[in-house]
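# Structure at a glance
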Amino acid sequence: MEVRMVSKKINGKLQHVLTSMTDAMRYPVADIADLYAHRWEIELSYREQRQYMLGNRLTLRSRRPDMVQQELWGILLSYNLVRYQMVQMTKQMKGSYLPYQLSFNASVGHILRLLVGLPYSSPGAIPGQLKYFYELAPSLVLPPRRERKYPRAVKPRPQRYAQNKTSQC
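Predicted model, so just to flag it, every value in this text is computed and none were measured.

### Some thoughts on the side chain of Glu-71
Tracing the backbone through its elements, the reader meets Glu-71 in helix α3 (residues 65-92). Of the residues examined, Glu-71 reaches a relative accessible area of 10% and is grouped as buried. Contact partners of Glu-71, with chain neighbours within four places excluded, come to Arg-57, Leu-60, Arg-61 and Ser-62.

Pasting the structure below:
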């Protein structure tokens, strides 16, 4: 497998990124460096799936491989549907907001409240409920985030046994 090293100076420090996107014409250095700067958003989406959608469970409920695969697809599908609704909410809002500026956890709560109430609503009331749902979007706006451009670091592995600091020979 071919890899390419991309280097860019960020805050006066030279940063290096290895990537499998080797075509320099198709993937310019500036684009790859910009994507790498947004890696924190990807990490946050993993956290959202693990904490808010799986409830911090360490294991999945399914036991068979085919059911584990089905459960993972269900999690990914529902995550993308929530994110899609967040995009729709930002389109309905006044001002220029991006979907990641809305609270994921609060969005899930609003969507669940809407879904729980829909079976008890008459069909004529559903457009009004959806309108109210989109009107709640400004209440989901998060405070601005600080820039997070922390370098990746490898944590030391925890030792099973205490290390002997003095050698007795």
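### Considering the packing of aromatic side chains
Under the criterion given, the structure shown has 2 aromatic pairs. Their ring planes at 40 degrees and their centres at 5.2 Å tell us that Tyr-79 and Phe-104 sit as a pair that is tilted. Taken together, the positions of Tyr-79 in helix α3 and Phe-104 in helix α4 (residues 104-117) put the pair 25 residues apart, joining distant regions of the chain. Taking the relative accessible area as the measure of exposure, Tyr-79 reaches 8% and is therefore buried.

### Concerning the nonpolar core
Judged by nonpolar contacts, the single largest core of 13 residues is most densely connected at Val-82, Met-86, Met-89, Leu-102, Phe-104 and Phe-133. Elements represented by at least two residues in this core include exactly α3 and α4. Setting aside its immediate chain neighbours within four residues, Phe-133 contacts Gln-85, Met-89, His-110, Ile-111 and Leu-114.

Quick notes on the rules
Residues numbered from 1 in each chain as written. Predicted model: local features only at pLDDT ≥ 70, side-chain atom pairs only at ≥ 80, totals over all residues. Heavy atoms only, no water. Helix = DSSP H or I, 4+ residues; strand = E, 2+ residues; numbered from the N terminus. Buried < 20%, exposed > 50% of the residue type's maximum accessible area, 1.4 Å probe, protein only. Contact = heavy atoms within 4.5 Å. Phe/Tyr/Trp six-rings, centres within 6.5 Å; stacked < 30°, edge-to-face > 60°. Core = buried A, V, L, I, M, F, W, Y, C linked by side-chain atoms within 4.5 Å.

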